[in-house]
Amino acid sequence: MSDHGCVVHVARVSGSAAALAGAASVLSDLELRRATTIRDGAARARFELGALLVRTVAGGALGMAPRSVPVDRSCDRCARPHGRPRVPGSAVHLSVSHSGDLVVVATSRVGPVGVDVEEVTTAPFDHSALADLVCAPGERPAVIDRESFLTCWTRKESVLKATGDGLRIPPAEVVLTPPGTRPRLVSFRGRPGPECQLADVDLGPRYRAAVTVLDPSPLAVTVVEEQLRRG
């Protein structure tokens with residue numbers, strides 16, 4: 001992993017059957033217990049693949065076996081294990097997201113990172129009602145269809161994941177440049193936001209994705225397709 005910019009690692013559930021079959025030998029007891037609480041099979045597979053990808057990527061960066069990476073998922077508010085993944089004592093920042101067939105893990109050494117991916121589904125989807133909740137008044141006119149809504153959403157979600165706030169802050173309080181233009185944070189909770197760089201991530205026509213790094217330097221994003229092997 002480069003010391004500059006951001007790498008977005010991508011794995012596909014459909015191509016990871018062997019890795020998922022061996023998940024019990026790689027994931028921690030805590031991760032395995034959390035997986036058992038997810039009743040939907042597809043969602044459980046995405047969680048397990050995300051946990052495997054976090055360990056594989058972090059292990060590669062640190063020269064450690066994936067099973068040995070001390071991943072900490074403690075929430076900074078309640079200490080329960082549902083926070084963003086961290087490796088204590090490491091300079092590697094991590095963020096994970098998944099949707100549809102894709103699981104992505106973003107890494108950065110220059111500052112905290114947030115990534116979000118959403119599948120552009122053909123299922124009925126009232127983007128207009130959601131946009132009224134997610135967008136600030138000045139943003140709303142540019143969100144005209146499902147694709148522009150998901151572009152707006154993934155950008156905002158990536159910012160909130162990078163700051164560590166998540167949806168504790170209403171997305172409408174994160175004001176960005178409109179879809180179709182270079183992503184940039186305009187304001188955060190009515191004030192100038194933290195210094196950061198945003199980028200849309202091209203993962204194919206079926207998906208919208210974005211990444212944010214809390215660092216003012218120009219952001220270079222590299223996408224890497226990963227083929228996970230059985231642990």
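Residues numbered from 1 in each chain as written. Predicted model: local features only at pLDDT ≥ 70, side-chain atom pairs only at ≥ 80, totals over all residues. Heavy atoms only, no water.

Please explain the overall build of the protein chain as it appears in this structure.
Helix and strand counts for the protein chain come out as five helices and nine strands. From first element to last, N terminus to C terminus, the protein chain shows the α and β order β-α-α-α-β-β-β-α-α-β-β-β-β-β. Against the 2.2 N^0.38 benchmark of 17 Å for 231 residues, the protein chain shows a C-alpha radius of gyration of 17 Å, consistent with a compact globule. Across its three principal directions, the C-alpha atoms of the protein chain cover 50 × 40 × 35 Å. Per-residue burial over the protein chain gives 48% buried out of 231 residues. Within the protein chain, contacts between residues separated by at least 24 positions form 56% of all contacts whose residues are at least 6 apart in sequence. Of the roughly 11,100 Å² of accessible surface on the protein chain, 53% is carried by carbon and sulfur atoms. The average position of the 28 basic charges and that of the 25 acidic charges among the side chains of the protein chain differ by 5 Å. (Helix = DSSP H or I, 4+ residues; strand = E, 2+ residues; numbered from the N terminus. Rg over C-alpha atoms; globule rule 2.2 N^0.38 Å. Buried < 20%, exposed > 50% of the residue type's maximum accessible area, 1.4 Å probe, protein only. Contact = heavy atoms within 4.5 Å. Areas by Shrake-Rupley, 256 points an atom, 1.4 Å probe, with all protein chains shown as cover. Lys, Arg positive; Asp, Glu negative; His and termini not counted. Charge placed at Lys NZ, Arg CZ, Asp CG, Glu CD.)

It is not clear to me how the sheet that holds strand 7 (residues 197–200) should be interpreted in this structure. Could you clarify?
Sheet strands pair via backbone hydrogen bonds, and the direction of the pair is either parallel or antiparallel. Pairing is antiparallel in the open sheet, where three strands are placed in the order 4-8-7. Looking at which strands have only one partner, the edges of the open sheet turn out to be strand 4 (113–119) and strand 7. Neighbour to neighbour, the strand axes of the sheet diverge by 10° on average, direction disregarded. As defined by bridge partners, strand 7 adjoins strand 8 (residues 207–213) across four bridges and the pair is classed as antiparallel. Looking across to strand 8, one finds that Gln197 is bridged to Val213. Strand contacts of helix 5 (residues 146–163): strand 4, strand 7 and strand 8, with the helix running at about 155° to strand 4, the strand carrying the most contacts. (Pairing = 2+ DSSP bridges. Axes fitted to C-alpha atoms, helices over the stretch in contact; angles between N-to-C directions.)

What exactly am I supposed to notice about the sheet that holds strand 1 (residues 6–12) here?
Here four strands make up an open sheet; going across it, the order is 2-3-1-9 and the pairing mixed. Among the strands making up the open sheet, the edge pair consists of strand 2 (93–99) and strand 9 (221–225). The average undirected angle you get between the axes of adjacent strands in this sheet is 20°. The pairing of strand 2 with strand 3 (residues 102–108) spans seven bridges and is classified as antiparallel. The residue bridging Ser95 from the neighbouring strand is Ala106, located in strand 3.

Just checking my understanding: could you explain the packing of helix 4 (residues 127–134) against helix 5 for this structure?
Two quantities define a packed helix pair, namely the angle between the axes and the distance from one axis to the other. Remark: helix 4 packs on helix 5, axes separated minimally by 10 Å, with the N-to-C direction vectors making an angle of 30°. Accordingly, the angle class assigned to the pair helix 4 and helix 5 is roughly parallel. Read as a crossing pair, helix 4 and helix 5 show a hand that is left-handed. Residue-level contacts link His127, Leu130, Ala131 and Val134 of helix 4 to Arg146, Phe149, Trp153 and Lys156 of helix 5. (Parallel < 35°, antiparallel > 145°, perpendicular 65-115°, else oblique. Left-handed = near helix turned anticlockwise from the far one by under 90°.)

What exactly am I supposed to notice about the packing of aromatic side chains here?
Two numbers describe a pair of aromatic rings. These are the distance of the centres and the angle of the planes. Inspection of the entire model under this criterion finds two aromatic pairs. An angle of 25° between the planes, with centres 6.4 Å apart, marks the rings of Phe149 and Trp153 as stacked. Of this pair, Phe149 and Trp153 both sit in helix 5, four residues apart, which is roughly one turn of that helix. Feature note: the residues Phe125, Phe149 and Trp153 constitute an aromatic cluster, connected by ring pairs. (Phe/Tyr/Trp six-rings, centres within 6.5 Å; stacked < 30°, edge-to-face > 60°.)

Could you clarify how one ought to interpret the packing of helix 2 (residues 29–36) against helix 3 (residues 41–62) in this entry?
It is the contact of helix 2 with helix 3, at a shortest axis distance of 9 Å, that shows an interaxial angle of 165°. By the angle class used here, helix 2 and helix 3 are roughly antiparallel. The chirality of how helix 2 crosses helix 3 is right-handed. Between helix 2 and helix 3, the contacting residues are Glu31, Arg34 and Ala35 on the first element and Arg44, Phe47, Glu48, Ala51 and Arg55 on the second. Here the contact of helix 2 with helix 3 is composed, by residue class, of three nonpolar, no polar and five charged. (Nonpolar A, V, L, I, M, F, W, Y, C, P; charged D, E, K, R; others polar.)

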